[in-house]
Amino acid sequence: MKSIFFILVVVLFFTGCSSQNTLPEMPQGVVPAEYWADKYPDQYNTYLKNAEMEATTFGGSIPVDYLEKYPDLKVLYAGMGFSKDYLKARGHVYSLEDAINTARPKPGASCLTCKTADYLDMVNEYGKDFYAMDFTEMAAKAVNPISCYDCHLSTPGEAVITRNHLKEALELLDTQFKMGDLTCAQCHVEYYLDPVTKEVVLPWEYGITVDGMEKYFDERGYYDWIHPTTGTPLLKVQHPEFETYYGSVHSKFGLSCIDCHMPKVENDDGDLFRSHHWTSPLKYIEASCMGCHTGDAEDLIARVEEIQLGVYTKTNEVSALIVQLIQELTEAVESGKYSEEFLNEVRSYHRKAQWRWDFVFVENSTGFHNSKLAHETLDAARYYAEKGLELLRNQR
Ligand code: HEC
Ligand code: HEC
Ligand code: HEC
Ligand code: HEC
């Protein structure tokens, strides 16, 4: 199939036809991005820009080594994959190779769900059995990174939801969301893998709040891993951009992800189209922000960075406090002097604190998307870590 596609593209190239109405035959199943290069050059060319790697003060697309940057993570994530290999996210066109190359263990092919458009063909072919199949075997069959098909299927233009985990989770909520948020919520959300089927599930039964999702996990006695030195059953947060953004200043004002991350820009003919370069909007601040915010772009960047610095600083303070709790709880466990009941009470504070700290830490905007929520969540994390430390210190 792929070779036929390639020949068609070559023939097209050599006959030099401008293909507005003579597209090669549509491949079956997942249509690769290149197929649309001639028909939608603006969207396609901006899509290719996702390969660029450029940093901003707190974000950007350089695969920073988080374990080196935040040594606390080795203690916080001890005993699980993220303490072995954890790089900052970069552009969509790298999604498949980065998923394959990470040194983190993969529980199943489910890890491909948000990394390749080919997932959609695979899940069609194998149904729900797909998720528990072998990652390496399935990854070897995948060729496309995140691509047009993930958001448009075979008809670029309107966005559609292609991920069942999102469709199913939305049925649990009464809220009406905008498509400009949902198209990203297919992947930029908190999720977990069903312990038996390894299927991707969004924990939304009690809503998309920090407390609601925690309640969902607590009720099931669910944990991602047990911390090796404290014995705490912990939760690992993924990347809750959608849940964090909801309820923010901009979301209340009616903006969705695509207003900032896919702003309308002009091509050489002066026609407007949506940029398909998903990256830090601070790189395109004129198009993304200055339609509403007046004044100097530099001043707005400074405002953003001030918000981010506040969240960044608090995140580090709270992570240091949780590390302290882990150290003292570890000593308490090792001393053999305390009852399991007492230790479990401290562990429950450790679990609550770490869930909340992680929720802010792994959210990719360093607090910008919803700084009020980020601060509240970190304050709660601090409160629980202090409660845990207090219990331990009072027992000495
Ligand atoms: C009001 C504008 C705005 C909206 C709306 C918005 N973002 Fe952002 N987003 C930003 C800014 C600003 C940053 C920080 C970029 C930086 O630090 O360089 C960011 C960062 C990110 C990042 C990390 C990018 C990087 O460079 O590290 C991701 C991923 C992201 N946003 C996804 C989303 C998703 C998904 C939504 C919708 C649920 C959303 N954003 C809504 C403005 C916005
Ligand atoms: C991550 C999701 C996503 C991916 C991947 C994606 N698009 Fe889009 N695309 C959108 C959204 C969202 C819109 C805006 C839809 C709307 O306004 O209703 C859009 C709009 C469009 C439009 C309408 C015109 C415009 O620019 O607003 C075209 C054409 C298009 N995309 C083509 C493509 C092509 C070609 C690719 C692959 C190279 C692609 N898209 C990949 C989300 C995506
Ligand atoms: C099919 C899953 C999927 C969808 C849909 C998706 N993303 Fe992503 N996104 C990812 C993955 C995976 C990465 C990390 C890729 C890597 O690091 O290799 C990522 C990375 C990013 C980044 C960081 C890139 C950088 O250069 O800073 C931004 C920003 C982003 N996505 C925004 C969006 C927005 C906005 C939408 C909706 C229009 C969206 N994404 C839809 C999976 C997805
Ligand atoms: C559709 C209009 C609109 C767009 C586009 C927009 N904003 Fe805003 N923004 C607002 C409104 C309205 C407020 C609330 C009033 C205020 O504080 O100015 C706001 C508030 C803010 C604030 C202060 C509140 C806070 O803590 O979040 C910052 C910082 C900000 N915006 C940055 C940005 C950046 C950066 C972008 C582009 C990535 C952007 N905005 C895009 C309308 C917009």
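Reference entry: report on the structure contained in this document. Keep in mind that this is a model prediction, so the values were computed, not measured.

**Regarding the site of ligand 4**
Neighbouring residues of ligand 4: 16 residues in total, closest His250, Cys289, Cys292, His293 and Arg303. Here a nitrogen atom of ligand 4 sits 2.7 Å away from a polar atom, N or O, in the side chain of His293. Contributions of two or more residues to the shell around ligand 4 are made by α13 (249-252) and α16 (297-335). Here the shell around ligand 4 is built from residues that sort into 11 nonpolar, four polar and one charged.

**A word on the coordination of the iron atom of ligand 3**
On the protein side, the iron atom of ligand 3 has His92 (NE2) and His188 (NE2) as donor atoms, found 2.0 Å from it. Taken together, the six donor atoms surrounding the iron atom of ligand 3 define angles of 86 to 179° at the centre, an arrangement classified as octahedral. Residue His92 is located in the loop between α4 (73-76) and α5 (95-101), and its partner His188 is located in the loop between α10 (179-185) and β1 (192-193); the two are separated by 96 residues in the primary sequence.

**A look at a negative patch on the surface**
A contiguous patch of negative charge on the surface is contributed by Glu266, Asp268, Asp269 and Asp271. As for its placement among the helices and strands, Asp268 is situated in the loop between β5 (264-266) and β6 (272-274). For Asp268, a relative accessible area of 84% gives the class exposed.

**Here we look at α16**
Along its 39 residues, α16 runs 57 Å from first to last C-alpha, staying within 8% of the 57 Å computed at 1.5 Å per residue. In the segment just after α16, Gly336 is the residue with positive phi, at about 70°.

**What about the site of ligand 2?**
Not every one of the 18 residues close to ligand 2 is listed here, only the nearest: Gln43, Cys148, Cys151, His152 and His276. At 2.7 Å, a side-chain N or O of Gln43 approaches an oxygen atom of ligand 2. Residue His152 places a side-chain N or O atom 2.7 Å away from a nitrogen atom belonging to ligand 2. If you list the elements that add at least two residues to the shell around ligand 2, you get α2 (41-48), α8 (148-152) and β6. Sort the elements by how many residues they give to the shell around ligand 2 and α8 lands first, with three residues. Taken together, the residues of the shell around ligand 2 sort by class into 11 nonpolar, six polar and one charged.

Reading guide: rules and limits
Throughout, residues of each chain are indexed from 1 in the direction in which the sequence is written. Labels follow written order: the first chain is A, the first ligand is 1, and so on. Predicted model: local features are reported for residues with pLDDT of at least 70 only, side-chain atom pairs are reported and counted for 80 or more only, and whole-chain, interface and lining totals are derived from all residues. As a rule here, side-chain values come from all non-hydrogen atoms in the structure, and water together with hydrogens is ignored. We call a residue near a molecule or strand when any one of its heavy atoms sits within 4 Å of it. Each polar contact in these results corresponds to two N or O atoms within 3.5 Å; when the atoms are within protein, one needs to be able to donate a hydrogen and the other to accept it, and residues that are neighboring in sequence are counted only if both atoms are side-chain atoms. Per the convention used, a helix needs a DSSP run of H or I reaching at least four residues, while a strand needs a run of E reaching at least two, with both numbered from the N terminus. All residues other than Ala, Val, Leu, Ile, Met, Phe, Trp, Tyr, Cys, Pro, Asp, Glu, Lys and Arg, Gly among them, are scored as polar; the first ten of these are nonpolar and the last four charged. We call an atom a donor if it is N, O or S and sits within 2.8 Å of the metal, or 3.2 Å for Na, K and Ca. Water is not counted, so some sites may look partial. Here a site with four donors is tetrahedral if all angles are between 85 and 135 degrees, and a site with four or six donors is square planar or octahedral if opposite donors are over 155 degrees apart and the other angles are between 65 and 115; anything else gets the irregular label. Note that patches include only residues with greater than 30% relative accessible area and no salt bridge, and the join distances are 9 Å for like charges and 5 Å for nonpolar side chains (Val, Leu, Ile, Met, Phe, Trp, Tyr). What sets the accessible areas is the Shrake-Rupley method with a 1.4 Å probe; for residues, cover comes only from the shown protein chains. By definition, a salt bridge exists where a carboxyl oxygen of Asp or Glu is found within 4 Å of a side-chain nitrogen of Lys or Arg. In this charge count, Lys and Arg are treated as positive and Asp and Glu as negative; neither His nor the chain ends contribute. A charge is said to be at NZ when it belongs to Lys, at CZ for Arg, at CG for Asp and at CD for Glu. Here the term buried applies to any residue with accessible area under 20% of the maximum for its type, exposed to any over 50%, and partly exposed to those in between, with areas from a 1.4 Å probe on protein chains only. For a helix, the expected span equals 1.5 Å multiplied by the number of residues minus one.

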